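So the chains spell out like this:
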Amino acid sequence: MKFMKLGSKPDIFQDQGKGVRYVSSELATDVTIIVGEVKFYLHKFPLLSKSNRLQRLVSKANEDNSDEIQLVDFPGGPKAFEICAKFCYGMTVTLNPYNVVAARCAAEYLEMTEDVDRGNLIFKIEVFLNSSVFRSWKDSIIVLQTTKSLVPWSEDLKVVGRCIDSIASKTSMDPSSITWSYTYNRKVAVSDKITEVGMKFPGKLESVPKDWWVEDICELEIDLYKRVMIAVKSKGRMDGSVIGEALRTYAMRWLPDSIEALVSEAHSRRNKSLLETIICLLPSDKGVTCSCCFLLKLLKVAILVGADDSSRDDLVKSISLKLDEASVNDLLIPARSPQITVYDVELVKCLVNRFMAHERSSRDKNIPKSTNDFILGHASWLKVGKLIDGYLAEIARDPNVSLSIFIQLLQSIPDSARPIHDALYEAIDIYLQMHSSLTKAERKHLCGFMDVRKLTMDASMHAAQNERLPLRTVVQVLFFEQIRAAAGVQALNHRNTDAVDSTRKTEEYWQKTLPEKQNVSKPSSEIKIKGEDPQKNMKLVKKGSKTRSSGPQLLPSRSRRIFDKLFVGKVSGNGENRSSETSGSSQSPTSRNIQGEIKSSGSSSRNRRHSIS
């Protein structure tokens, strides 16, 4: 911190308390100056020799036969006036970053210019500001903080603007040239002393991160912080990722971490203004902006504090471009009235639709040559597919989530984004469990969106014995597993055959055996087997069972008996099986659970705090 002493005479000002201060002198004082509630008993001559304004006021007081002068709205108050008075008397005056702005405004008020006396107070303060304060990182921040209480004087004298320019210029410097200490990661690790610009010191120093400055400016109020950040961005030399980190740090510093504090009447207006300011400062470029997690947390706060529509739309647009970076917990945004669901499903659906529209537009510009190229070039699709399936599993536990909303969100993900349907099966299973009032047609309709051919062995084993699934779905699962097991046995008998050919044959066998995919809006209650001999298929399965120890493990014996019964019933022409939808599937003690049998995915997400972090 910088200090400046003006004058060398002893300090003879004395504070008598009760708002009275006077100068100890052999000569009687001849003027009383009132600043606020404090009276100063002074001499005219020292004051008149330095202050143009006091010359006019004393002259007017003499005309009115008065020895008192009232200084109305004096910037900086009695303390600032005392600095000016001491300077007039030639006494020692100590300037520092905490009082220099007040002294500068007071000197301007008293018109202590060079026209009155050479080397006057205004000149000396300006020298101190330019040569010392504005060259120091921390002093510039301290001085900027003190300007808040001295508006409009500090603005008119351009002290605020010069402080902001000084701070912005230093943030844009090459980190390797930073030689002063700072809060986030001290450059001076060898000594605890504050090192000035240009000084050399021995020892190997820690490298300075690009965001070394973000924590120091967090102490600024939101209005000054906004002006500093605008100046930093206008320099054009700061990475968007660093600006995003600065905004995240500021949000953590000032936004409350509880919903009650966010929406409290005492601070709701402040929180809303702060949030909208942070949003307007967000970088616009997708590649190096804030993390999707941080943007989603800002969106949660924006909904809670009732931010304006434009701010929310800006957030939704930014999030939709980076949705593949989000997690399920990030998407658990509480719903607001009049919505009756726990989480805002409509908002998530909007994010997904925007993301998919942007990705399809990008894909059209660069059409892949093959399916493999498409998957490698659009890995974000797969990430979002996995993300939404996990989100579906969370909202499936909410009894207020209607079937239509659940299906709409399910359909927002294209088939190419779901190469495996295990997570989708888990979400559907949870929904069936929590919505037991669904009709048979509704359960069939929902399960029609699941492709049993895309289930892994574990998921198929679980689905084959799941009492909540419609009978038609269970039959499809059992049939495909029998085909897959048979294909595995054939592959073992022909070791010289390529594994890729075996997979292709399995898919071709499935296409020949099952009918084309039905319209999910009109699910069929029976499976038609065409072009194959059922008895031949069963013989193939029995033959494969003999090599169980050396080949792929087949379905449990109970599931095979269920399948045999259903299969024979269909072929024998006795009509559609009239048994209960769940009679053919029971929960076996040896059944394998997909991801822990509808596990709760950790602690209840309803109890999570929605805080900025």
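Please refer to the structure placed before this passage.
Bear in mind the structure is a predicted one, so any value in this text is a computation, not a measurement.

**What about the nonpolar core?**
Link 1 in the chain: The biggest cluster of nonpolar side chains holds 151 residues, and the ones touching the most others in it are I33, F81, W213, I217, L323 and F406.
Link 2 in the chain: Ignoring any residue separated from it by four or fewer positions in sequence, one finds W213 in contact with W137, T171, M229, V232, M238, V242 and A246.

**Some points on the packing of aromatic side chains**
Link 1 in the chain: Counted under the stated rule, the structure contains eight aromatic pairs.
Link 2 in the chain: With a centroid separation of 3.8 Å and an interplanar angle of 20 degrees, the aromatic rings of Y225 and Y250 are classed as stacked. Highlighted residues: Y225 in helix α9 (residues 222-235) and Y250 in helix α10 (residues 240-254), separated in sequence by 25 residues.
Link 3 in the chain: For Y250, a relative accessible area of 0% puts it in the buried group.
Link 4 in the chain: A connected cluster of aromatic rings, assembled from ring pairs, spans F40, F74, F81, Y109 and W153.
Link 5 in the chain: The ring of Y109 carries the charged tip of R53 above its face, separated from the ring centre by 3.9 Å.
Link 6 in the chain: When the ring centre of W254 is taken as reference, the NZ or CZ atom of R253 above it lies at 4.2 Å.

**Things to note about the packing of helix α18 (residues 379-395) against helix α20 (residues 422-434)**
Between two packed helices, what matters for the description is the angle formed by their axes and the separation of those axes.
Link 1 in the chain: Two elements in contact, α18 and α20, have axes separated by 8 Å at closest approach and are oriented at 15 degrees. With respect to α20, the axis of α18 lies roughly parallel. Our pair here, α18 against α20, has a crossing hand that is left-handed. When α18 is examined against α20, the residues D389, L392 and A393 are found in contact with a partner set consisting of A423, L424, A427 and I430.
Link 2 in the chain: Grouping the amino acids of the contact of α18 with α20 by side-chain chemistry returns six nonpolar, no polar and one charged.

**A look at the pairing of strand β6 (residues 68-71)**
Link 1 in the chain: Covered by surrounding structure in β6 are I69 and L71 only, the residues E68 and Q70 on the alternate face being uncovered.
Link 2 in the chain: Sheet analysis places strand β4 (residues 31-35) next to β6, joined by four bridges and oriented parallel. Opposite V35, over in β6, you have L71 as the bridge partner.

**Some words on the pairing of β4**
Every regular strand shows the same layout, with side chains that alternate between the two sheet faces.
Link 1 in the chain: Judged by how many residues are buried, β4 sits mostly within the fold: five of five residues are covered.
Link 2 in the chain: Two strands pair when backbone bridges link them, and β4 and strand β5 (residues 38-42) are joined in this way by five bridges, in the antiparallel orientation. Bridged to V31 within β5 is L42.
Link 3 in the chain: Where β4 hands over to β5, the hairpin turn is made up of two residues, of which G36 adopts a positive phi near 65 degrees.

Reading the values: the criteria
- Residues numbered from 1 in each chain as written.
- Predicted model: local features only at pLDDT ≥ 70, side-chain atom pairs only at ≥ 80, totals over all residues.
- Heavy atoms only, no water.
- Core = buried A, V, L, I, M, F, W, Y, C linked by side-chain atoms within 4.5 Å.
- Buried < 20%, exposed > 50% of the residue type's maximum accessible area, 1.4 Å probe, protein only.
- Contact = heavy atoms within 4.5 Å.
- Phe/Tyr/Trp six-rings, centres within 6.5 Å; stacked < 30°, edge-to-face > 60°.
- Helix = DSSP H or I, 4+ residues; strand = E, 2+ residues; numbered from the N terminus.
- Lys NZ or Arg CZ within 6 Å of the ring centre and 35° of its normal.
- Axes fitted to C-alpha atoms, helices over the stretch in contact; angles between N-to-C directions.
- Parallel < 35°, antiparallel > 145°, perpendicular 65-115°, else oblique.
- Left-handed = near helix turned anticlockwise from the far one by under 90°.
- Nonpolar A, V, L, I, M, F, W, Y, C, P; charged D, E, K, R; others polar.
- Pairing = 2+ DSSP bridges.

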